[in-house]
Every structure is written in structure tokens, then in C-alpha cells.
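Okay, here's what each chain looks like letter by letter:
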Amino acid sequence: MSPAVAGAEAPPRRRLGLILALLAFAQCIYAIDYSIVFVALPEIRTGIGFSAQTLQWVVSAYAVAFGGFLLLGGRAADLFGRRRMFTFGLFLYAVSSLAGGLAGDPTTLIVARAVQGIGGAFLAPATLSLVTTTFAEGPERNRALAIWGGAGGSGMILGSLLGGVLTGAFGWASIFFANVPLAGGAMLLAFAIIPKDTELGSSGRKFDLPGALTATVGSTLLVFTLVQGPESGWTSPTILISAAIAIAVLAVFLTIEGRGRDPLLPLRLFRNRNLSTGTVVTFIFMGTFGALPYFFTVYFQSVFGYSATKSGIAFLLPCVGVLIGNLSGGRLATRFGVRATLTGALLLGLVGTVAFALSVSANGSYLSMAPGVLILSLGQGTIFTAMYAAATTGVAAEEQGIASGVASTGQQVGAAVGLAVLVAVANSGHDGLAGEALRVATADGVRSAMWATVAGIALIVLVVFNFRRGPAAPAAEPTKQDDVTYAV
């Protein structure tokens, strides 16, 4: 099958397999970085001297920077080359991970995590757009997205497993040092495996610097506001000022984009119903399913009393469930269509999350929670693959980078906002508690957060019906016409 990029010569099949393996590995790296710190947070707090109020920024600094720079990273991939931005993102990951492992104070670690987030903002859209432009729309892309999604969905769970094992064996700094050879090695492999970027200078396209600046500043302030709001209070001066500036800057950004000849974010992209709906789906998905590793960690450590190592091992079950769901997602989307696949997977995830919520108790056990966790993990893995297949359908090859940036922005902002809101729900009324009272209140808080998650998943089911409906793609290799008419 021909690649998605019109006029490009298809790489040999073996080369395609190597490219996909590297892209999946990179996806796994930045997915792991989202959750690997969860299990290590208690040791990071005591080891460096974080307060209870500032500890969340070990997670939030990554999410805020990631979400704030994604549009810039997506457009940079389109204009400056996807391989260049792919390797640049990996370089930032390697350098910032080394700095994070060497950090001796909270400020240094938070800055290192923010730079990791910026690296992710360049890496994520470059990786996804390399998948969608290398593999043609339809069954071939669905299979590629299943492998890519498997790496990402499993990476979020695997991060918690690795975080527990590494922290227990070598201390919290090891979760950062482990990234250095992984990101550095992937960066070097990219030069040998991924085809060289074509020269784009003759296309006449220009980089929208005013749009880039306003998008980055506005998005970063907006994510900061949404993340810090539950902690500082929505009426605090800091939150009100940052919200006002964010809205004003984003309004300027939209004005620039509407009038620019070659905008950073062509507003006409949102006329693609699949992209706009897919962005909303990724936002709510990460605000619900994406927060689960954090609450699994809290439940394991604060209620069951597990060590960091035992908590990591406990993540094997959801990791297996997500991986099976990921690998099934592409086949199901090809056979039944993406919208039907998403709907079924969401209902499965909903049932699993309800079962998990009902099992949460101060007197609960791992065995009692296992059925719900396995079911919701199967649904979670399938959704992760199918939602990106839906969001990128019908987008021109030369705009896959910015489209991937838009969808990934929904993912990262949703992760930051959802975690902040659910943590506020879970921690409500915990002030002044200690010992057994705190353990019981923690279990009750996790249960409340899970019921809020159930409500969010139900909302995604409604949003999914806005995807364009069409026949499932044929299971056989499609013709050129099939590639064009493939529908969600």
C-alpha cells in the first residue's frame, strides 16, 4: 500500500516495521513519563523537601508545559520536518531527565519536569503525524495505530509499574536516569531508520511567529489556571489574573489565526467534525481514564499499605488489560468502524469502573478489585487506539502535524485538569486526619473520585455519537479509492 503522503515512495515493508517499532517506542517513553512519578512521589517529597501543597507540581509541571507547547510542536513538525522535531523532542527528554535525576531541590526538579513536558510537546505530534503519514488511511493505519496506541496506553500503566520497581530498588532518582539511555538511543536510531525530511523551503509556507507566541503563552496560562484552581481556590487572585490573561491572549491568537495567510492553526480544521469531536473525546478520556494510575497508586500505598515495589507489581494486571485492548482496537475499528468500536469500548470501561468503585473499601483487597480493574483496562486500551484513528481521519497529510497537536492538546489538558479535579474530590475533608481515620477517609475519597470518573465516561459516550458515521473499512487491503472514502 502506498504511504499517506501523496507522491512519496513507499519504504520497504521491513523498513516500515522498523519505523513503526521506533515510533511506538517513543510513544511509550513519553507515556511512561506521565505516570512513572506517581509511585515515587512519597520518596520524592521526603528526599528533596517538597511540601504537601507543592508536591503536585512534580506531575503538573510536566502536564502544563506539555499542553502549552503542543500547538507549537505540531506546526513545527509540519513546517520544519517530522524527523527533526522527533529527534529534538527526544533530545529534550534525555537532557531534562538527567537534570531531574541530579536535582537536589524542588525548583530544579520542577523545571526539569517542565522541560520534559516541552520535549513531549514536540515529540508527541511528530510521532503521531509520522504514523498517519507513513501508513495509508484505513486498515493499514488502523493496524499501525493499534501498535502505536498499545505502546502509549500500556506506557501509562507500565510507568507506574516501573516507577515502583525502580524506586524500591534504586531510589526515586532512578526513574529519571533510566530515561537518558532510552531517549538518547531512540534519537540516534531515528537518523538511521526514519527517512530524511523533505525540504519544505520551496513550498512558500512561513512560520506564524505571532500565532506561536500567543498560542503557547495563552495555552500554558490556561492549563496552569485549570490545574492550580482546585488547590488555590477558583476565586483566588492568582487564578483570576492568570485566567483573565489566558483568555485575552487566546482571543488575540484566534484573531491572528483568522486573518493570517499561513496560520499556525488553520481554523478551518475544526470544520472536520472527526477532529473536533476527537479532541473533546481525548480531553475527557484523559481526565477520567488517564487519572486512574494515580488513584490505583493511592489505593495500593495509602489503603493497602503496599511498598513502592509491591505497588509497581500490582500494576501488572491493568497493564495486561490495556495491552490486550490496544492490540484489539485496530482490528475492531477496521471491522466495525471507529464510532461503533469506541461506543462498545466506552461501555465496557464504564462497567469496569463501576465495578471498581463498588469494590473500593478500607477493608477491600486486591482480589476484590481485580475484576473491575481488568474490565476497565480492556476498555481503556481499545479506546486509546480508536479515538486517534477517528480524530485523524480526513486530515490532509501536510496538516497531520498540527492536527495531531490539536488532538494531543486535548489529551494533555484533559490529563492535567482531570487529575486536579479528581484529586480535589478525593481529598475533600481530609484536613487534620491521621492514622486509621485517614486511611478510611482515603478509601472513601478514592471511591468518590471513581464515581466522578463514571460520570465523565458516560459523557464521552454521548460525545462519540458526533463522529461521522460510515461503514467499517474492509478487512482486505483497500484500493486507492477505499483510502479516500474510508469513513468513521
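Here the structure is a predicted model, which is why all the values come from computation and not from measurement. (Residues numbered from 1 in each chain as written. Predicted model: local features only at pLDDT ≥ 70, side-chain atom pairs only at ≥ 80, totals over all residues. Heavy atoms only, no water.)

### A closer look at the overall build of the protein chain
Thinking step 1. Along the protein chain, the regular secondary structure elements total 18 helices and zero strands.
Thinking step 2. Looking at the 488 residues of the protein chain, the share that counts as buried comes to 59%.
Thinking step 3. In the protein chain, the proportion of contacts linking residues at least 24 apart, taken out of those at least 6 apart, comes to 85%.
Thinking step 4. Carbon and sulfur atoms make up 68% of the accessible area of the protein chain, which amounts to about 18,500 Å² in all. (Helix = DSSP H or I, 4+ residues; strand = E, 2+ residues; numbered from the N terminus. Buried < 20%, exposed > 50% of the residue type's maximum accessible area, 1.4 Å probe, protein only. Contact = heavy atoms within 4.5 Å. Areas by Shrake-Rupley, 256 points an atom, 1.4 Å probe, with all protein chains shown as cover.)

### Some thoughts on helix H13 (residues 316-336)
Thinking step 1. End to end, H13 covers 29 Å across 21 residues, agreeing with the expected 30 Å (1.5 Å per residue, within 8%).
Thinking step 2. Remark: the principal bend of H13, roughly 30°, maps to Gly-329.
Thinking step 3. By the burial criterion, the buried members of H13 are Pro-318, Cys-319, Gly-321, Val-322, Gly-325, Asn-326, Gly-329, Gly-330, Ala-333 and Thr-334.
Thinking step 4. Note on H13: the residue one or two positions beyond its end, Gly-337, has a positive phi of about 95°. (Expected span 1.5 Å × (residues − 1). Bend = angle between axes of the 7 residues up to and from the residue.)

### Notes on the confidence of the model for the protein chain
Thinking step 1. Taken as a whole, the protein chain shows an average pLDDT of 82; of its residues, 90% reach a score of 70 or greater.
Thinking step 2. Within the protein chain, helix H3 (residues 82-102) carries the highest mean pLDDT (94), whereas helix H18 (residues 480-485) carries the lowest (32).
Thinking step 3. When the criterion is pLDDT under 50, residues 1-8 qualifies, and its contacts beyond four places in sequence or with other chains add up to 23 contacts.
Thinking step 4. For residues 471-488, every residue scores under 50 in pLDDT, and the model assigns this stretch 38 contacts once sequence neighbours within four places are set aside. (pLDDT = per-residue confidence, 0-100.)

### A few points about the environment of Gln-228
Thinking step 1. Its location among the elements puts Gln-228 in helix H8 (residues 209-232).
Thinking step 2. Considering only alpha carbons, one finds Gln-228 and Trp-57, 171 residues apart in sequence, at a separation of 9.2 Å.
Thinking step 3. Setting aside residues up to four positions removed in sequence, Gln-228 forms contacts with Gln-56, Trp-57, Gly-233 and Ile-239.

### Looking at the environment of Ala-415
Thinking step 1. Here Ala-415 shows up in helix H16 (residues 400-427).
Thinking step 2. Assessed through its relative accessible area of 2%, Ala-415 is described here as buried.
Thinking step 3. On a C-alpha basis, the gap between Ala-415 and Gly-67 in space is 9.3 Å, while along the polypeptide they are 348 residues apart.
Thinking step 4. Setting aside anything within four residues of it in sequence, one finds Ala-415 in contact with Tyr-34, Met-286 and Gly-287.

### Here's the deal with the packing of helix H1 (residues 13-49) against H3
Thinking step 1. Put simply, H1 and H3 touch, their axes get as near as 12 Å, and they point 40° apart. In the packing of H1 onto H3, the handedness of the crossing is left-handed. Across the interface between the two elements, Leu-22, Leu-23, Ala-26, Ile-29, Tyr-30 and Asp-33 of H1 pack against Phe-86, Leu-90 and Tyr-93 of H3.
Thinking step 2. Along the lines of polarity and charge, the residues of the contact of H1 with H3 split into eight nonpolar, no polar and one charged. (Axes fitted to C-alpha atoms, helices over the stretch in contact; angles between N-to-C directions. Left-handed = near helix turned anticlockwise from the far one by under 90°. Nonpolar A, V, L, I, M, F, W, Y, C, P; charged D, E, K, R; others polar.)

### Regarding the pattern of salt bridges
Thinking step 1. Taken as a whole, this structure holds five salt bridges when the rule is applied.
Thinking step 2. Note that Glu-436 and Arg-439 form a salt bridge whose closest N and O atoms lie 3.0 Å from each other. Remark: Arg-439 and Glu-436 occur in helix H17 (residues 435-464); sequence separation between them is three residues, near one turn of the helix.
Thinking step 3. The partner of Asp-444 in a salt bridge is Arg-447, and the shortest N-O contact between them spans 3.1 Å. (Salt bridge = Lys/Arg side-chain N within 4 Å of Asp/Glu carboxyl O.)

### Digging into the side chain of Arg-113
Thinking step 1. Along the chain, the position of Arg-113 falls in helix H4 (residues 106-134).
Thinking step 2. Residue class for Arg-113 comes out buried when judged on its relative accessible area of 0%.
Thinking step 3. When neighbours within four sequence positions are excluded, Arg-113 is seen to be in contact with Asp-33, Tyr-34, Val-37, Val-58, Val-59, Ala-61, Tyr-62 and Phe-176.

### Observations regarding the packing of aromatic side chains
Thinking step 1. One pass over the full model with this rule turns up 16 aromatic pairs.
Thinking step 2. With 5.3 Å between their ring centres and 50° between their planes, Phe-304 and Tyr-306 make a pair best called tilted. The pair Phe-304 / Tyr-306 is uniform in exposure class, with both members buried. (Phe/Tyr/Trp six-rings, centres within 6.5 Å; stacked < 30°, edge-to-face > 60°.)

### Points about the packing of helix H11 (residues 292-303) against helix H15 (residues 366-391)
Thinking step 1. Viewed as axis vectors pointing N to C, H11 and H15 meet at an angle of 170°, and their least axial separation amounts to 13 Å. Looking at the two axes, H11 sits roughly antiparallel to H15. From H11, Leu-292, Phe-296, Tyr-299 and Phe-300 reach across to H15, where they touch Tyr-366, Met-369, Val-373, Leu-376 and Gln-380.
Thinking step 2. Residues belonging to the contact of H11 with H15 are distributed by class as follows: eight nonpolar, one polar and no charged. (Parallel < 35°, antiparallel > 145°, perpendicular 65-115°, else oblique.)

### Here we look at the nonpolar core
Thinking step 1. Within the largest apolar cluster, 134 residues are counted, with the highest numbers of intra-cluster contacts made by Phe-86, Leu-109, Phe-295, Leu-342 and Phe-356.
Thinking step 2. Other than its neighbours up to four places away in sequence, Phe-86 contacts Leu-22, Leu-23, Ala-26, Leu-123, Ala-126, Thr-127, Leu-130, Ala-190 and Ile-194.
Thinking step 3. Judged by nonpolar contacts, the second largest core, of nine residues, contains Ala-63, Val-227, Val-413 and Ala-416. (Core = buried A, V, L, I, M, F, W, Y, C linked by side-chain atoms within 4.5 Å.)

### Considerations on the environment of Ile-194
Thinking step 1. Mapped onto the elements, Ile-194 comes out in the loop between helix H7 (179-193) and H8.
Thinking step 2. Excluding residues within four positions of it along the chain, Ile-194 makes contact with Arg-15, Ile-19, Leu-22, Leu-23, Arg-83, Phe-86 and Leu-130.

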